[in-house]
Amino acid sequence: QKIHNFDFIHDKIWVCTKKGVFSYDFKGHKIEHNLHLNIDISKIYKDKNNVYWLSTLSNGIYLIKDFETKEILIPNEKLNTLSIDKNNVYVGTATGKIFTINNQLNPSLYYKFVNNYPIYYLNFDANQNYFFASSNGFYAINKTDKKQFFTNPGAVKDLLKVDESKYYVTGTGFFTEFNLTK
């Protein structure tokens, strides 16, 4: 595989490749750390707080506190956003799907918008009966029967819960209130 760079950090050789970063010791080149990101890692740096900084050629910068970090990939999906509730982690995709991630880090389809527009905002924590998503509009969706309550045609960036039925939402160029009981 293609090697972009290598660095010597604390008696280890760190090799930056198209597929991730790998470390070897000097006593036989035994692999000690592997981080398969399937992206081009261009440089690795370890700061005074023992945090690893990884730069990439096209995917920004990653901060790794330990190498127990896991990457979650869903085949044929680009993950855009995430949310949590008391028990689960949810991710929204570029194809209008919402997946839940179980304790073994396996994804399963939770909900799919029929229009396939990307999901850029997701909130499962603000209400026990509804989750909120911004796709080609902003929706409150019943968690039990998955029925949609359309609230706004704009792309919502954030939501503030006032009480169990009243919410404020904001997006590019607007701020509005909506009520789930109407």
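Look above for the structure.
Residues numbered from 1 in each chain as written. Predicted model: local features only at pLDDT ≥ 70, side-chain atom pairs only at ≥ 80, totals over all residues. Heavy atoms only, no water.

## What about the pattern of salt bridges?
Then comes step 1: Counting across every chain of the model gives 4 salt bridges.
Then comes step 2: Close ionic contact of Lys-97 with Glu-77 constitutes a salt bridge, the shortest N to O distance being 2.9 Å. Taken together, the positions of Lys-97 in strand E10 (residues 97–101) and Glu-77 in the loop between strand E7 (61–64) and strand E8 (79–84) put the pair 20 residues apart, joining distant regions of the chain.
Then comes step 3: Using a relative accessible area of 22% as the deciding quantity, one classes Lys-97 as partly exposed.
Then comes step 4: Between Glu-164 and Lys-161 there is a salt bridge, and its shortest N-O distance comes to 2.6 Å.
Then comes step 5: Owing to a relative accessible area of 35%, Lys-161 belongs among the partly exposed residues under this scheme. (Salt bridge = Lys/Arg side-chain N within 4 Å of Asp/Glu carboxyl O. Helix = DSSP H or I, 4+ residues; strand = E, 2+ residues; numbered from the N terminus. Buried < 20%, exposed > 50% of the residue type's maximum accessible area, 1.4 Å probe, protein only.)

## Details of the packing of aromatic side chains
Then comes step 1: Within this structure, the stated rule accounts for 17 aromatic pairs.
Then comes step 2: The interplanar angle of 40 degrees and the centroid separation of 5.0 Å between the aromatic rings of Trp-14 and Tyr-52 together place this pair among those described as tilted. One end of the pair, Trp-14, is in strand E2 (residues 13–17); the other, Tyr-52, is in strand E6 (residues 52–56), with 38 residues separating them in the sequence.
Then comes step 3: Consider the rings of Phe-132 and Phe-178, whose centres lie 6.0 Å apart with planes at 65 degrees: the pair is edge-to-face. Here Phe-132, found in strand E13 (residues 130–134), pairs with Phe-178, found in strand E18 (residues 174–179); they are 46 residues apart in sequence, far enough to count as distant.
Then comes step 4: By the ring-pair criterion, three or more aromatic residues cluster together here, those being Tyr-90, Tyr-110, Tyr-111, Phe-113, Phe-124, Phe-131 and Tyr-139. (Phe/Tyr/Trp six-rings, centres within 6.5 Å; stacked < 30°, edge-to-face > 60°.)

## Some thoughts on the sheet that holds strand E9 (residues 89–93)
Then comes step 1: Judged by pairing direction, the sheet is antiparallel, and its 4 strands sit side by side in the order E8-E9-E10-E11 without closing on themselves. With one partner strand each, in any of the chains shown, E8 and strand E11 (107–112) form the two edges of the open sheet. Ignoring which end each strand starts from, the neighbouring axes of this sheet average 30 degrees apart.
Then comes step 2: Direction of pairing for E10 relative to E11: antiparallel, over a ladder of 5 bridges. Pairing of Ile-101 across the sheet is with Pro-107, part of E11. (Pairing = 2+ DSSP bridges. Axes fitted to C-alpha atoms, helices over the stretch in contact; angles between N-to-C directions.)

## A closer look at a nonpolar patch on the surface
Then comes step 1: Residues Tyr-45, Trp-53, Ile-61 and Leu-63 make up a contiguous nonpolar surface patch of roughly 450 Å² in combined accessible area.
Then comes step 2: Within the element layout of this structure, Leu-63 appears in strand E7. (Patch = residues over 30% accessible without salt bridge, like charges linked within 9 Å, V, L, I, M, F, W, Y side chains within 5 Å. Areas by Shrake-Rupley, 256 points an atom, 1.4 Å probe, with all protein chains shown as cover.)

## A word on the pairing of E13
For a regular strand, the rule is simple: side chains alternate between the two faces of the sheet.
Then comes step 1: Taken across its 5 residues, E13 has 4 buried, putting it largely inside the fold.
Then comes step 2: When strand E12 (residues 121–123) meets E13, the two strands line up antiparallel, connected through 3 bridges. Looking across to E13, one finds that Tyr-121 is bridged to Ser-134.
Then comes step 3: Between E12 and E13, which pair antiparallel one after the other, the connecting turn spans 6 residues.

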